[in-house]
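In case you want the letters, here they are:
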Amino acid sequence: MRILIHDDYNSMSKWVAYYVARNINLKRPTPDDPFVLGLPTGSSPLGTYKELIKLNKAGKVSFQNVITFNMDEYVGLPEDHPESYHYFMEENFFKHIEIPRNNINILDGNASDLEKECDEFEKKIEKAGGIDLFLGGIGVDGHLAFNEPGSSLTSKTRIKTLTLDTRIANSRFFENDISKVPKTALTVGLGTIMSAEEVLIIINGYKKARALYQVVERGVNHMWTGSMLQLHRYGIIVCDDEATMELKVGTVKYFKDIENQDLENLPELYVNN
């Protein structure tokens, strides 16, 4: 597992955006062989999305042959609701880039058959050839997507009941009224995330420090589902200094030392001619 520790959120976001662009350009995707990108919502990836939009508008990366799969969506929230993840992705990313609309895949939390919706989502990922790079954030309790503490480590896309902690944390987006936060969501599973060729988790801010500690310095534990990244052959954590406050000094120094070259330089962009 790689850990790249940046000075601040802006530096971290820019690095992640360039890394995503680099991976897309290296593959040189085509309609028959697209790049498949897993995407998160929430505050953590906002800076990355802004930087990717800049790169796209500058002609440094194209999303024309990119297929996306989002991690999750609330159950029962209209797609045009300001807090739905359909709305979030459209406003913060999709409407600003030239991705074909039929290449965008987000779970339908209003489907008449939610279990079928989850099964079909897994089939779509398989049909697309599997996910090349899955971006993710992490909750304060260490969860990935909506894989709450106690989730199966081999789980697939499914319906998930949200914990009280998650609903309280997300109530800030619902006028601080927990009663307005949906109690269930559709989410990709830990097994779905782990089946991606590469997984990159964005962790920023002091409030995520305990989660980063559990994920990095403790063992794999279904109560801290982000710890599954320890078992991925190409797992990366990109974080800022604030998020490392619970890590041992030796751990921080070690990763800063071995990743020094990549920290100082943005990932090289391989731009298609």
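For the structure itself, consult the block above.
Residues numbered from 1 in each chain as written. Predicted model: local features only at pLDDT ≥ 70, side-chain atom pairs only at ≥ 80, totals over all residues. Heavy atoms only, no water.

## Let's talk about the overall build of the protein
Link 1 in the chain: If you tally the helices and strands in the protein, you get nine helices and 10 strands.
Link 2 in the chain: Expected size for 273 residues packed as a compact globule is a radius of gyration near 19 Å; at 18 Å, the protein falls within 12% of this value.
Link 3 in the chain: For the protein, the spread of C-alpha atoms along the three principal axes comes to 50 × 45 × 35 Å.
Link 4 in the chain: By the burial criterion, 54% of the 273 residues in the protein qualify as buried.
Link 5 in the chain: Taking the intrachain contacts of the protein between residues at least 6 apart in sequence as the baseline, contacts between residues at least 24 apart amount to 78%. (Helix = DSSP H or I, 4+ residues; strand = E, 2+ residues; numbered from the N terminus. Rg over C-alpha atoms; globule rule 2.2 N^0.38 Å. Buried < 20%, exposed > 50% of the residue type's maximum accessible area, 1.4 Å probe, protein only. Contact = heavy atoms within 4.5 Å.)

## With respect to the sheet that holds strand β8 (residues 184-187)
Link 1 in the chain: Spatial ordering of the open sheet is given by β4-β8-β7, a layout of three strands whose pairing is antiparallel. At either margin of the open sheet sits one strand with a lone partner, and together these are β4 (72-74) and β7 (158-161). Each strand axis lies, on average, 30° off the axis of its neighbour in the sheet, ignoring direction.
Link 2 in the chain: Sheet analysis places β4 next to β8, joined by three bridges and oriented antiparallel. Paired with Asp72 across the strands is Thr187, a residue of β8. (Pairing = 2+ DSSP bridges. Axes fitted to C-alpha atoms, helices over the stretch in contact; angles between N-to-C directions.)

## Regarding the layout of surface pockets
A water-sized probe, rolled over the atoms, reveals where empty space remains.
Link 1 in the chain: Empty space within the largest pocket amounts to approximately 660 Å³.
Link 2 in the chain: Contributions of two or more residues to the lining of the largest pocket are made by β4, α3 (85-92) and α5 (164-170).
Link 3 in the chain: By residue number, the principal contributor to the lining of the largest pocket is α5, which donates four residues.
Link 4 in the chain: Split by residue class, the lining of the largest pocket holds 14 nonpolar, 10 polar and seven charged. (1 Å grid on protein atoms, 1.4 Å probe; cavity = no way out; pocket = protein on both sides within 12 Å on 5 of 7 lines; lining within 4 Å. Points joined across faces, edges and corners; volume = space filled by probe spheres on them. Nonpolar A, V, L, I, M, F, W, Y, C, P; charged D, E, K, R; others polar.)

## Regarding the packing of helix α1 (residues 9-27) against helix α2 (residues 46-57)
Link 1 in the chain: Between α1 and α2, the least distance of the axes is 8 Å, while the angle of their chain directions is 50°. Comparing their axes, α2 and α1 come out oblique. Like other packed secondary-structure pairs, α1 and α2 cross with a definite hand, here right-handed. Every residue of α2 that contacts α1 at Tyr9, Ser13, Lys14, Val16, Ala17, Tyr18, Val20 and Ala21 is listed here: Leu46, Gly47, Thr48, Glu51, Leu52 and Leu55. (Parallel < 35°, antiparallel > 145°, perpendicular 65-115°, else oblique. Left-handed = near helix turned anticlockwise from the far one by under 90°.)

## Let's talk about the environment of Gly136
Link 1 in the chain: Relative to the elements of secondary structure, Gly136 occurs in strand β6 (residues 133-136).
Link 2 in the chain: Its relative accessible area of 1% is what places Gly136 among the buried residues.
Link 3 in the chain: Gly136 sits 95 residues away from Thr41 along the chain, and the two C-alpha atoms are 8.1 Å apart.

## Remarks on the side chain of Lys208
Link 1 in the chain: Along the chain, Lys208 falls in the loop between β9 (198-203) and α7 (209-217).
Link 2 in the chain: Buried Lys208, no salt bridge; nearest opposite-charge side chain is Asp141, N-O distance 8.8 Å. (Lys, Arg positive; Asp, Glu negative; His and termini not counted. Salt bridge = Lys/Arg side-chain N within 4 Å of Asp/Glu carboxyl O.)

## Remarks on the packing of aromatic side chains
Link 1 in the chain: Throughout the structure, instances matching the rule amount to 10 aromatic pairs.
Link 2 in the chain: Between Trp15 and Tyr19, the aromatic rings sit 5.1 Å apart at their centres with planes inclined by 15°, giving stacked as the arrangement. Taken together, the residues Trp15 and Tyr19, both in helix α1 and four residues apart, mark about one turn of the helix. Exposure class is identical for Trp15 and Tyr19. Each is buried.
Link 3 in the chain: Look at Tyr85 and Phe146: their rings are 6.2 Å apart centre to centre, the planes differ by 20°, and that puts the pair in the stacked class. With a gap of 61 residues between them, Tyr85 in helix α3 and Phe146 in the loop between β6 and β7 connect regions that are remote in the sequence. The pair formed by Tyr85 and Phe146 is uniform in burial state, with each residue classed as buried. (Phe/Tyr/Trp six-rings, centres within 6.5 Å; stacked < 30°, edge-to-face > 60°.)

## Observations regarding the pairing of strand β10 (residues 235-240)
Link 1 in the chain: Of all six residues in β10, six are buried, a share of seventy percent or more.
Link 2 in the chain: Pairing of strand β1 (residues 2-6) with β10, which is carried by five bridges, proceeds in the parallel orientation. What sits directly across from Leu4, in β10, is Val238.
Link 3 in the chain: Bridge analysis of β9 against β10 gives five bridges, and the strand direction is parallel. Bridging across to β10, Val199 finds its partner in Gly235.
Link 4 in the chain: Traced from β9 through α7 to β10, the parallel crossover comes out right-handed. (Right-handed = clockwise from strand over helix to strand, strands pointing away.)

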